[in-house]
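Residue-level structural notes
As a plain string of letters, each chain reads:
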Amino acid sequence: MDLQALYKIGYGVYIVCSRQGDRFNGQIANTFFQITSEPPTVAVSINKKNLTHEFITASKVFTASVLAQDTPLSFIGQFGFKSGRDLNKLENVQYKMGVTGAPAVLENAVCYVEVKVIKEIDVGTHTIFIGEVAGAEVVSNKATMTYEYYHLVKRGSTPKNAPSYIAPEKKEEAPKMDKYECKVCGYIYDPALGDPDGGIKPGTAFTDLPETWVCPVCGAGKEEFEKAG
Ligand code: FE
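In this text the structure is predicted, and so the values were computed from the model without any measurement.

Quick look at unusual backbone geometry now. A cis amide bond links Glu-38 to the next residue, Pro-39, at an omega of -5 degrees. Mapped onto the elements, Pro-39 comes out in the loop between strand S3 (32-37) and strand S4 (40-47). Even without being a glycine, Lys-60 presents a positive backbone phi close to 60 degrees. By secondary structure assignment, the location of Lys-60 is in the loop between helix H1 (51-59) and strand S5 (61-67). The backbone phi angle of Asn-92 is positive, close to 65 degrees, even though this residue is not glycine. Take Asn-92: it is sitting in the loop between helix H2 (73-80) and strand S6 (95-97).

Spelled out as structure tokens, the structure:
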């Protein structure tokens, strides 16, 4: 059995939000999908350890915002690698209150869908929440980010047709520089790519990054990085 096969499944990148009382939370999910069209029904799979799981279980409502391809890594990192138990993830994020009373993130979204949960399926580590669509709106005409794009283009190993790809000749001229890995989230800093979202030009060695530089995905400081083998 080759589990690599599972990585070939196509997904998007979504922010799923819910509420509990007057508290809001949101998280990154890649498993949000439509099940039926009559009536419009969707589902999402959420890890039981997540605060969003607690909120959806309590309120029976959630929203899913579909992220655009040009969403900065730092924005995804804010929802993906930090816990809502430690901070209000929606602070300083543009969102609207949906008809369900749960927030729907508008920033970097191409659309959002609001959902009322009608069924929950316990699948061990996760719960699949199935619900009817209570509201939906298209926010922009930008391309949708796929999970593959997020991993291949945004995180380092770069396909030739990507805008950030650097031709081999150019690469050979530059001195060989080490890649560094974030111990918190696994992000790889590749000097050949730099960190365009963070204003770091391609060709910048890790050791030359300013001390104020942080992991574009999870916000960890330079000291959390170690040389990638
Ligand atoms: Fe990180």
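Before going further, it helps to spend a moment on the pairing of S4. Extensive coverage of S4 is indicated by the burial of 6 of its 8 residues. With 5 bridges joining them, S3 and S4 adopt antiparallel strand pairing. Each residue of the ladder has a partner; that of Ser-37, found in S4, is Pro-40. Connecting S3 to the next strand, S4, in antiparallel fashion are 2 residues. When S4 meets strand S9 (residues 126-138), the two strands line up antiparallel, connected through 7 bridges. Note on S9: the bridge partner recorded for Thr-41 is Glu-132.

Our next topic: the sheet that holds S9. Read across the open sheet, the 7 strands follow the order S2-S1-S5-S8-S9-S4-S3; overall the sheet is antiparallel. In this open sheet, the two strands that pair with only one neighbour each are strand S2 (23-29) and S3. Pairs of neighbouring strands in the sheet enclose a mean axial angle of 35 degrees, with direction left out of account. Lying on the sheet, H1 is in contact with strand S1 (14-20), S2, S4, S5, strand S8 (109-123) and S9; it crosses S1 at an angle near 55 degrees. Lying on the sheet, H2 is in contact with S1, S2 and S5; it crosses S2 at an angle near 120 degrees.

Let us now look at H1. Along H1, the positions that sit buried rather than exposed are Leu-51, Thr-52, His-53, Phe-55, Ile-56 and Ser-59. Elements in contact with the buried residues of H1: S1, S2, S4, S5, S8 and S9. Following H1 by one or two positions, Lys-60 adopts a phi angle in the positive range, close to 60 degrees.

The protein atoms donating to the iron ion are Cys-182 (SG), Cys-185 (SG), Cys-215 (SG) and Cys-218 (SG), with metal-donor distances spanning 2.3 to 2.4 Å. Positions of the donor residues of the iron ion, expressed as sequence spacing, correspond to C-x2-C-x29-C-x2-C. Across the pair, exposure class does not vary: Cys-182 and Cys-185 are buried alike.

Formed by 27 residues in total, the largest nonpolar core has its most connected members in Val-105, Cys-182, Tyr-187, Tyr-189, Trp-213, Cys-215 and Phe-225. When contributions to this core are tallied by element, the ones reaching two or more residues are S1, H2 and strand S10 (180-182). A total of 4 residues in this core trace back to one element, the largest contributor, which is H2. In this structure, Cys-215 is in contact with Cys-182, Cys-185, Tyr-187, Ala-220 and Phe-225, ignoring residues within four places of it in sequence. Grouped together as the second largest cluster of nonpolar side chains are 18 residues, Val-42, Ile-56, Cys-111 and Phe-129 included.

This brings us to the pattern of salt bridges. Per the counting criterion, the structure on display carries 7 salt bridges. Taking the shortest distance from any N to any O, the salt bridge between Glu-120 and Lys-60 comes out at 2.7 Å. One end of the pair, Glu-120, is in strand S8; the other, Lys-60, is in the loop between H1 and S5, with 60 residues separating them in the sequence. On the basis of relative accessible area, Lys-60 is assigned to the partly exposed category, the value being 36%.

Another point: the sheet that holds strand S11 (residues 188-189). The strand order across the open sheet built from 3 strands is S11-S10-S12, with neighbouring strands paired in antiparallel fashion. This sheet does not close on itself; its edge strands, each paired only once, are S11 and strand S12 (225-227). Taken together, the 3 bridges between S10 and S12 define a ladder with antiparallel strand orientation. Paired with Tyr-180 across the strands is Lys-227, a residue of S12.

So, how was this worked out
- Within each chain, residue numbers correspond to sequence positions counted from 1 in written order.
- Two thresholds apply to this predicted model, a pLDDT of at least 70 for residue-level local features and 80 or more for giving and counting side-chain atom pairs, whereas whole-chain, interface and lining totals are computed over all residues.
- Excluded from the side-chain calculation are hydrogens and water; included are all heavy atoms of the structure.
- A run of H or I in DSSP becomes a helix once it reaches four residues, and a run of E becomes a strand once it reaches two; helices and strands are each numbered from the N terminus.
- Note on classification: 1.4 Å probe, protein chains only; a residue is buried when its accessible area is under 20% of the maximum for its type, exposed when over 50%, partly exposed between these limits.
- Here, any two strands with at least 2 DSSP bridges between them count as paired.
- Axis definition: a line fitted to C-alpha atoms, over the contacting stretch in the case of helices. Angles run 0 to 180 degrees between N-to-C directions.
- We call two residues in contact when some of their heavy atoms are within 4.5 Å.
- Only nitrogen, oxygen and sulfur atoms count as donors, using a 2.8 Å cut-off from the metal that widens to 3.2 Å for Na, K and Ca. Water is left out, so coordination shells may look unfilled.
- To form a nonpolar core, buried Ala, Val, Leu, Ile, Met, Phe, Trp, Tyr and Cys residues must be joined to one another through side-chain atoms within 4.5 Å.
- Put simply, a salt bridge is a Lys or Arg side-chain nitrogen that is within 4 Å of an Asp or Glu carboxyl oxygen.

From the geometry alone we can't say anything about function, so treat these as descriptive.
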